[in-house]
Structure formats: C-alpha cells, structure tokens
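Here is how the chains run, residue by residue.
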Amino acid sequence: MITKFIKRILRRDPMIKHTQANHTGAPKRIPKKSHRIDPNLLSKNAVKVTHTLQQAGYEAFIVGGAVRDLALGISPKDFDVATNATPDQVQRLFRKARLIGRRFQIVHVTFFGKGHPEIIEVSTFRGLLENAGDHVAESGRILRDNVWGSQGEDAARRDFTINAMYYDPSSETVLDYHGGMADMQKKTLRMIDDPAKRYREDPVRMLRAVRFSAKTGFELDPATREPIAKLGTLLNDVPPARLFDELLKLLMSGYSWAAIQALQKAGLHHGLLPLLDHIVDGGEDSKGANNFVKLALAHIDDRIQSGKSVSAGFLFATLLWPDLLKNWKANSSKGMANIPALQDAMDDTIATQSSGMTIQRRFESDMREIWSMQPRFERRVGRYPYRLIESPRFRAGYDFMLLRCTTTGELNPAIGQWWTNFIAADPAGQNELMASAKNESDNSPSPAKRQRRRKPKSTFPPESEAG
Ligand code: ATP
Ligand code: MG
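The structure contained in this document is the topic of the report that follows. Everything numeric in this text was worked out from a predicted model, so none of it was measured.

## A word on the pairing of strand S5 (residues 106-111)
And then number 1: With 5 of 6 residues buried, S5 lies mostly within the body of the structure.
And then number 2: As paired strands, strand S4 (residues 97-100) and S5 are joined by 4 bridges and run antiparallel to one another. Across the sheet, Ala97 pairs through a bridge with Val109, a residue of S5.
And then number 3: Across 6 bridges, S5 lies against strand S6 (residues 118-124) in antiparallel orientation. Paired with Thr110 across the strands is Ile119, a residue of S6.
And then number 4: Hairpin connection, S5 to S6: the antiparallel pair is bridged by 6 residues.

Structure, rendered in structure tokens:
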C-alpha cells in the first residue's frame, strides 16, 4: 500500500498532482527570448555564488524579489540565491560565509569590492510545514521553519507568484512554478495558495502585499485583496520588531507615499504608528502636517529612486516633525525658553510615537540631532554658521531644513537659499553673506528680533507652521 503510494507520487499521478499541484508541479521553463532579463543588471557576485554552487554539483538560482525586479527591467537592490545545498555545505564553499538566524537559517556570503561590501543571501530550499504541527501556533502563524525541501516546495512557501520565480544565470532560464510571469504581464499581485490561510500563517504578508503593489503599481488580485479587511487585526500579534522592520521597508521602498495611501485603502494603517493614523485620518486639522509629510516623503522617494541613501533617522525626523512643532509651540506658549521647549517637545513626541514600537529608539539619536540643529540654521552671524557646518550630521540637518523651506510658511525659503549659497561660497563670499544676514536682522523692525540682536536667540517655533 505504502509502496504503491510512493510510486504514485514518483510517477506524479494526476490525482496526487491535483491536490499537490502547488507543491510539486513542474515549473514552466521560460527562455531568454520570453523573459528578456538583461544580464547586465545581474550582480556579478550573485552569479559567482550560483556558479560556485553549481560547479560543486548543487542546484542554485537567483530567486525572489531580484527575479521580479529583473523581469521588470529594474536593477535589484539585493540578490538572494536559493539552493539545494544545506547551509553547512554552502558555508564550506565560500571564504567569507556566515550562518545567520535561527528561525530561517541562511548563509551570508560577503564580497568586498570597491564600494560597499555586497552580501548575497543564500538559503536552502525549504519544505512545507503541513505536517509539522509544533511549528505552527494556534492562530496558524509559523513559528520556526528549518525544514529543507524541494525547489517546488520552496516555491510554494513564497508569498506572491511574482516572488516565486528562479533564474539560472548559466542557462539564462527562468523557472516559474506559479504563473508569476503571466501575472507580471497582467500586472497582478497574486498570493500563492489560499490567501486567507497564508495571511494567517504570517500576517506581515498583508503589509508586503501593500508594499509590492505600491512599488510595482500592480493591482492586488481580488482574492488576494479581499481577506485583508477582515484579517488586518492579526498584525497585532506580530512581534513589534518584525512589524517595524516591514514598515521601514515600506517607507524606504522609494514609493512611500503611494504605500501609505495603499495602507489606508486596505485599512491597515491603524496601530502601526500613531503617526500614520494622524496623517491618514486627520482631516482638515492635519492638512498642513500632511503637506509637509507628503513633500518630505516625495523627496525621500526621489532620493531612493535615484540610488541615494536616506537614513531611517531622517525619515522619522520628517514624519514626526509636524507633531514636534505642535508640541514645541505649545511649550513656548506656556512660557518655556526656546531650547528647553524644543528638548521637552522632542521627548514628548518620541514617547508618544514609539509606544508599541520601542525599536524606533535605534534611530532616536539621529532624529534628535537633526531636530536640534534646526534653530541653529537661523543664527547666521559670527561663528555660528561655521560651527554648524562642522556638525557630523550637518548634511542631514541641512536637507531637512531645505524641506521645511519648501512647505508653505514653515521656514522662509530665503534662509534655505542663504545656506545653499554659504556652503558653496569661498571665505570672502561667506563673509559677505554673513554681513547681509546681519543687515537683514538689523533692519528688522520687529521687537523680537531687536531683542535677539542683543542676545542671539532663535525665533523658533515660527508663527505659521505645518501642524
Ligand atoms: P525587496 O525588493 O523589498 O527586497 P523581496 O521580494 O526581495 O523584495 P524580501 O523580504 O527580500 O523581499 O524576501 C525575499 C523573498 O523571500 C521574497 O521575494 C519571497 O519570495 C520570500 N519571502 C519573504 N518574506 C516572505 C513571507 N513573509 N512569506 C513568504 N515568502 C516570503
Ligand atoms: Mg530582497
């Protein structure tokens, strides 16, 4: 009986195939002329890794998001490799290879070149967990999963069809188990297998759905979209650190504004960050804040899309700025001095926004530095500008200040222009600029400014502002 059953599996009996189509079905082989992946977009190091593994007798493919991006003609930001070699076997083949993780044991193979070191993530084909009861929590969430499997099983465990394609750089063939290439052509994001079951296994997939649809501009397939409204609350059970990482990916995707709107559309923005509720639901009251955040995110998206770096500290400094301004202004109107009012507002803002998201503390010092620098941009006389330029995070503070200039009424754009000129000027030019700034403030009739002349002090927070 058992041998008959095994034989049936080996023969891929149609009956078995029907129930296990997603797990062991043969992939579609897509040749170069159909997928049109440009080999120039490949990472040489990723190709080295697949070649080394193949030469040692293993199967090895570039997989996941990199294949998706390559097929879209986008240069992938990182490369993952999947293989039938175990992590130990992989590690033995490379000089700089490290075993990482417990939940997903993978190997990081590092290459040192001219620029940043490149890490190629190598993972062993994973098996299905259908019979691994102890690996699954009552809610259906996967807890641990180091179970090796076939390539077909590995494909079935991935999230979306377009993320489950395997590319072999040697033959330039794509192996497609779930119709990913057809979905790419239809611009559809489709969850593999039963979407509700897959979301229960890992609720973060709902956020990934939103992120990828914003990034690719693809529509969620109705069956993939529908369960999200009901299952969104499952995100509450996800460990905050993981949620935060995924949220960070979403905000740093280069399509952050689109992603935030998609989060709202899917009803998933609640409880991720209080800030998102505010931006999305705030109505008239938050228009100014929205304007600032929208422009800031557009700026960040531009930078990321053109391959420039953005720090998470900068991102959160912008997202929380409208709140900070509000708190700062409230403190000032209670009679607090300017700088203590700012410091106190920073504490308040961070405390409110990071409830449930304590991991954000990683970026706190960056945020504080960028914020603390802001009043200093208004002091354009004496040694102040030179000292400011020498701050280690000056560039981020300056970019941030320019952002504030582009939002209506938040900061006088002339100040931004002054700094742009100051950075570019030679010492004589810098002296002239400082003299002009001094004249400006000398000629100002405002009593507040006259007072400031005697004792340099910032005018923050400004009268009209986003928030
Ligand atoms: P990105 O461009 O953001 O890196 P990506 O698709 O490469 O997108 P990763 O988080 O790097 O995303 O994951 C790599 C691959 O691993 C995915 O393409 C997908 O196949 C699989 N994967 C990642 N996370 C999940 C998940 N939560 N559930 C199922 N499969 C996943
Ligand atoms: Mg990736």
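## Points about the packing of aromatic side chains
And then number 1: Tallied over the full model, the rule gives 18 aromatic pairs.
And then number 2: Seen from their ring centres, Phe125 and Tyr166 are 6.3 Å apart, and the 75 degrees between their planes marks the pair as edge-to-face. With a gap of 41 residues between them, Phe125 in the loop between S6 and helix H7 (151-156) and Tyr166 in strand S7 (residues 165-168) connect regions that are remote in the sequence. In this structure, Phe125 and Tyr166 share a single accessibility class: buried.
And then number 3: Here a set of aromatic residues connected by ring pairs shows up, and it is made of Phe377, Tyr386, Phe394, Tyr398, Trp418, Trp419 and Phe422.
And then number 4: Positioned over the ring face of Trp418 is Arg380, at 5.2 Å from the centre of the ring.

## Remarks on the pairing of strand S3 (residues 80-83)
And then number 1: Of the pairings in the sheet, the one linking strand S2 (residues 60-63) to S3 comprises 4 bridges and is antiparallel in character. When the sheet's bridge partners are listed, Phe61 is paired in S3 with Ala82.
And then number 2: By the bridge criterion, 4 bridges tie S3 to S6 in an arrangement that is parallel. For Val81, the partnering residue across the bridge sits in S6 and is Val122.

## A word on the site of ligand 1
And then number 1: Neighbouring residues of ligand 1: 18 residues in total, closest Arg68, Asn163, Asp202, Arg205 and Arg211.
And then number 2: Between a nitrogen atom of ligand 1 and a side-chain N or O atom of Arg205, the distance comes to 2.7 Å.
And then number 3: Between Arg208 and ligand 1, the recorded distance is 2.9 Å, taken from a side-chain N or O atom to an oxygen atom.
And then number 4: In the complex, 83% of the free accessible area of ligand 1, which totals 590 Å², lies under the protein chains.
And then number 5: Element by element, the count of residues in the shell around ligand 1 is highest for helix H10 (residues 204-216), at 5 residues.
And then number 6: The residue makeup of the shell around ligand 1, split by class, is 1 nonpolar, 3 polar and 14 charged.

Rules of the game
Residue positions are given per chain, counted from 1 along the sequence in the order it is written. Key to labels: chains lettered from A, ligands numbered from 1, both in the order written. Only residues with pLDDT of 70 or above have their local features reported here, since the model is predicted, and side-chain atom pairs are shown and tallied only from 80 upward, although totals for entire chains, interfaces and linings are computed over all residues. Water and hydrogen atoms were dropped before computing side-chain values, which therefore reflect all heavy atoms in the structure. The rule is simple: take the accessible area with a 1.4 Å probe, protein chains only, and divide by the maximum for that residue type; under 20% is buried, over 50% is exposed, in between is partly exposed. The helix count covers DSSP runs of H or I at least four residues long, the strand count covers runs of E at least two residues long, and both are numbered beginning at the N terminus. Strand pairing requires that DSSP identify at least two bridges connecting the strands. When two rings of Phe, Tyr or Trp (its six-membered ring) have centres within 6.5 Å they constitute a pair, described as stacked for plane angles under 30 degrees, edge-to-face for angles over 60, and tilted for the intermediate range. Placement of a charge over a ring requires the Lys NZ or Arg CZ to be within 6 Å of the ring centre, with the centre-to-atom vector within 35 degrees of the ring normal. Any residue with a heavy atom positioned within 4 Å of a molecule or strand is treated as near that molecule or strand. Polar contacts, as used here, are pairs of N or O atoms within 3.5 Å; protein pairs need one atom able to donate a hydrogen and one able to accept it. Residues neighboring in sequence count only if both atoms are side-chain atoms. Residue-level accessible areas treat just the shown protein chains as cover; the underlying method is Shrake-Rupley with a 1.4 Å probe. Residue polarity follows a fixed list, in which Ala, Val, Leu, Ile, Met, Phe, Trp, Tyr, Cys and Pro are nonpolar, Asp, Glu, Lys and Arg are charged, and the others, Gly among them, are polar.

So, to be careful, I would describe these as geometric facts and stop short of saying anything about function.
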